Each structure stands twice: as structure tokens, then as C-alpha cells.
Amino acid sequence: QVQLVESGGGLVQPGGSLRLSCAASGRILNINAMGWYRQAPGKQRELVAAITSGSSTNYADSVKGRFTISRDNAKNTVYLQMNSLKPEDTAVYYCNAELKVRVGLSYADYWGQGTQVTVSS
């Protein structure tokens, strides 16, 4: 059984910072890409940032220059440092990992339960 557990969400004022963490645990053979998505009320889930096993990164235009994604492969953990937060960053943030649990199986997507980020004064 694979689990992705997120932490670090909360309430922050505009211009503030938060750091999200997501740890993958269970019977994991290998993790390829990891990433963060978000979903605001009434909107579709969207990619925020992603990072490959080789640490190549990709960001949504709306967060470039403000958010930084990183990972610790030894800990199967991905982080999202969010600076200069804006009210429009308010959403539930979901961790995603593309991973393989057994030799012979294909990579599959796994999701965390989500963590609420609210940016408000």
C-alpha cells in the first residue's frame, strides 16, 4: 500500500510564505516525477509545479519566480516553497507521484489527500 502524506498548509496573509511537504511511503520500487497540483472552488485541478527524478522542474506561469519545488530522493519527499503568496493562490494543494511498486508493472499516478492553503488578510 502506497501513501502520500502532505503537510504544511494553513492560513497566511498576502505576501507571506508557506512550505508544503509530501512524503511517499509503502512498497515503492522507484519514483519518477513528483509534483504539486491545486484546485480552487469551482475550478479544475491544475498543475502548479513538477520535478523529475533528475531534478528538472516545470512551473505554471502564475507561480514562476514565487514558488520553488524540490525533492529529497532518499526520503521519497517533495517540497513546495511558496513565497509572495497571493489571494488567488488559495486552493487545496495535492501532491502527486508517478511511481512503480513492482518490477514488471508500469508507472502509475498516486495522489495525496490534499492540504488547504488560504491566503487572506
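A brief report on the enclosed structure follows. (Residues numbered from 1 in each chain as written. Predicted model: local features only at pLDDT ≥ 70, side-chain atom pairs only at ≥ 80, totals over all residues. Heavy atoms only, no water.)

Re the environment of Tyr110
Structurally, Tyr110 can be placed in strand β10 (residues 108-111). Given the relative accessible area of 26%, Tyr110 is considered partly exposed. Between the C-alpha atom of Tyr110 and that of Ala74, which follows or precedes it by 36 residues, the distance is 18 Å. Dropping the residues within four chain positions of it, Tyr110 is found in contact with Val2, Leu4, Cys95, Asn96, Ala97, Leu99 and Val101. (Helix = DSSP H or I, 4+ residues; strand = E, 2+ residues; numbered from the N terminus. Buried < 20%, exposed > 50% of the residue type's maximum accessible area, 1.4 Å probe, protein only. Contact = heavy atoms within 4.5 Å.)

What about the packing of aromatic side chains?
The full count for this structure, using the stated rule, is one aromatic pair. Measuring from ring centre to ring centre gives 5.0 Å for Tyr37 and Trp111, while their planes differ by 65 degrees; the resulting arrangement is edge-to-face. Residue Tyr37 is located in strand β4 (residues 30-39), and its partner Trp111 is located in strand β10; the two are separated by 74 residues in the primary sequence. The partly exposed category is assigned to Trp111, whose relative accessible area is 36%. The positively charged end of Arg19 is found above the aromatic ring belonging to Tyr79, 4.1 Å away from the centroid. Geometry around Tyr94 places Arg45 over its ring, the cationic atom sitting 3.8 Å from the centre. (Phe/Tyr/Trp six-rings, centres within 6.5 Å; stacked < 30°, edge-to-face > 60°. Lys NZ or Arg CZ within 6 Å of the ring centre and 35° of its normal.)

Focus: unusual backbone geometry
Here the phi dihedral of Asn76 falls at roughly 50 degrees; this positive angle occurs in a residue that is not glycine. Overall, Asn76 belongs to the partly exposed group, its relative accessible area being 24%. With phi around 50 degrees, Ser84 is a residue other than glycine that occupies positive phi space. By the secondary structure assignment, Ser84 is in the loop between β8 (77-82) and β9 (91-100).

Quick look at the pattern of salt bridges
Note on pairing: side chains with opposite charge can pair once their charged atoms come close. A complete count under the given rule lists four salt bridges for this structure. The partner of Arg38 in a salt bridge is Glu46, with the nearest N and O atoms 2.8 Å apart. Judged by relative accessible area, which is 7%, Arg38 ranks as buried. Between Arg66 and Asp89 there is a salt bridge, with the nearest N and O atoms lying 2.8 Å from each other. Taken together, the residues span a long stretch of sequence, with Arg66 in the loop between β6 (57-59) and β7 (67-72) and Asp89 in the loop between β8 and β9 at a distance of 23 residues. Here Arg66 matches Asp89 in class, with each residue buried. Linked by salt bridges that have partners in common, Arg38, Glu46, Arg66 and Asp89 make up one network. (Salt bridge = Lys/Arg side-chain N within 4 Å of Asp/Glu carboxyl O.)

Interpretation in functional terms is not warranted from these geometric data alone.
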